[in-house]
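# Per-entry structural report
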Amino acid sequence: MNELARWFDTHCHLDVEPLVDDLRGVLDRAWAAGVRRILIPAIRGPVADHGWPPWIDRAWGIHPGICAEIDPETIARRFADRDYQPRAIGETGLDTLADVPLDHQEQVFRAQLALARTHGLPLILHVRGAWERTLAILREAGRGLPWLMHSFCGSWEVAQGFLREGAFLSFSGSLCRPTARKTPRVARLAPAARLLLETDAPDLAPPWWPTRTNEPAALPSIGRFLAELRGIPATDLANQIENNVKSVWPDW
Ligand SMILES: [Zn+2]
């Protein structure tokens, strides 16, 4: 029997519906599929405590798409109020499709960069459009911290700018859409040491997933798709990604 590959889902919203309604089933299926670690990104500050088992970790952050009502001056205090030790700050960044002025998004982003720097935490970045502006802000205020580009959707030209600064590019089920062009190119060309995988569940199910609700159990199939794209065995990719994850969090 083949040894089951170990997979790491670095972006999965286990704390939202409908996943949170069937956590036991979702986690059992993920573990059975070979998923060995999951990071829950944050949207509205803290990620709630649902009695997470030790292989589940939480971030702390404020998503650019919901930050309209957030006063950047309150972010440090909100962070201080948390009751757990987060593994990362985010998701944070700039999103040109969000219904929030970019100048305000930038202030909320910068406040979180300051937190990440103070606490030495990696950044989970949500970026759509505004690539140059995001890169400039990160160069100025985010150097020296790991940058995890969640469900990366930029072109290869954009990707190179971030890769030059040491960013990790994380790929999700959107990589596997039959209409995807830019993303498979980036995923094929990016250096192996900068690859990460995620489901972004319950969103972004790969096309073969039987329901609209994505789950972390889909991660290995996304990994096999990426391995095939790069022409390597899936277990080699899984090992590479485990190494990449451990370069960000040595105790994972
Ligand atoms: Zn997300």
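Residues numbered from 1 in each chain as written. Predicted model: local features only at pLDDT ≥ 70, side-chain atom pairs only at ≥ 80, totals over all residues. Heavy atoms only, no water.

### What to know about the UniProt feature "binding site: a divalent metal cation 2" (unreviewed entry) in the protein chain
- The sites that UniProt annotates as "binding site: a divalent metal cation 2" (unreviewed entry) are His-126 and His-150. Over a stretch of 25 residues, the named residues converge on one spot in the fold, their C-alpha atoms separated by at most 5.7 Å. The annotated residues that sit in the lining of the largest cavity are His-150.
- Here His-126 is to be found in the loop between strand S7 (123–125) and helix H4 (131–141).
- Ignoring sequence-local partners within four residues, the contact set of His-126 consists of His-63, Pro-64, Glu-91, Thr-92, Gly-93, Leu-94, Asp-95 and His-150.
- Structurally, His-150 is set in the loop between strand S8 (147–149) and helix H5 (156–164).
- Look past the residues within four positions of His-150 in its chain and what remains in contact with it is His-11, Glu-91, Ile-124, Leu-125, His-126, Ser-170, Glu-198 and Asp-200. (UniProt positions renumbered as here; feature names shortened; annotations may be inferred. 1 Å grid on protein atoms, 1.4 Å probe; cavity = no way out; pocket = protein on both sides within 12 Å on 5 of 7 lines; lining within 4 Å. Helix = DSSP H or I, 4+ residues; strand = E, 2+ residues; numbered from the N terminus. Contact = heavy atoms within 4.5 Å.)

### Points about the sheet that holds strand S6 (residues 89–92)
- Here we have five strands laid out as an open sheet, ordered S6-S7-S8-S9-S10, and parallel in their pairing. Edge positions in the sheet fall to S6 and strand S10 (195–197), since each has one partner strand and no second. Recorded for the sheet is a direction-independent mean angle of 25° between the axes of neighbouring strands.
- Here S8 pairs with strand S9 (residues 168–171) via two bridges, running parallel. Considered in S9, the bridge of Leu-148 is made with Phe-168.
- Its contacts with the sheet place H4 against S7 and S8, and it is angled at close to 165° to S8. (Pairing = 2+ DSSP bridges. Axes fitted to C-alpha atoms, helices over the stretch in contact; angles between N-to-C directions.)

### Topic: the sheet that holds strand S4 (residues 56–58)
- Pairing is parallel across the open sheet formed by three strands, whose spatial order is S1-S2-S4. A strand with exactly one partner marks an edge of an open sheet, and here the two such strands are strand S1 (7–9) and S4. On average, each strand axis in the sheet is tilted by 15° relative to the strand beside it, whichever way the strands run.
- Relative to S4, strand S2 (residues 35–40) runs parallel, the two sharing three bridges. The residue bridging Leu-39 from the neighbouring strand is Asp-57, located in S4.

### A word on the coordination of the zinc ion
- Surrounding the zinc ion are the protein donor atoms His-11 (NE2), His-13 (NE2), Glu-91 (OE) and Asp-200 (OD), which sit 2.1 to 2.5 Å from the metal.
- What the four donor atoms of the zinc ion show is an angle range of 82 to 167° at the metal, which sorts the shape as irregular.
- Donor residues for the zinc ion, ordered by position in the chain, follow H-x1-H-x77-E-x108-D. Of this pair, His-13 sits in the loop between S1 and helix H1 (23–33) while Glu-91 sits in strand S6, and the two are 78 residues apart along the sequence.
- Residue His-13 is classed as buried on the basis of its relative accessible area of 6%. (Donors = N, O, S within 2.8 Å, 3.2 Å for Na, K, Ca; no water. Tetrahedral: all angles 85-135°; square planar, octahedral: opposite > 155°, others 65-115°. Buried < 20%, exposed > 50% of the residue type's maximum accessible area, 1.4 Å probe, protein only.)

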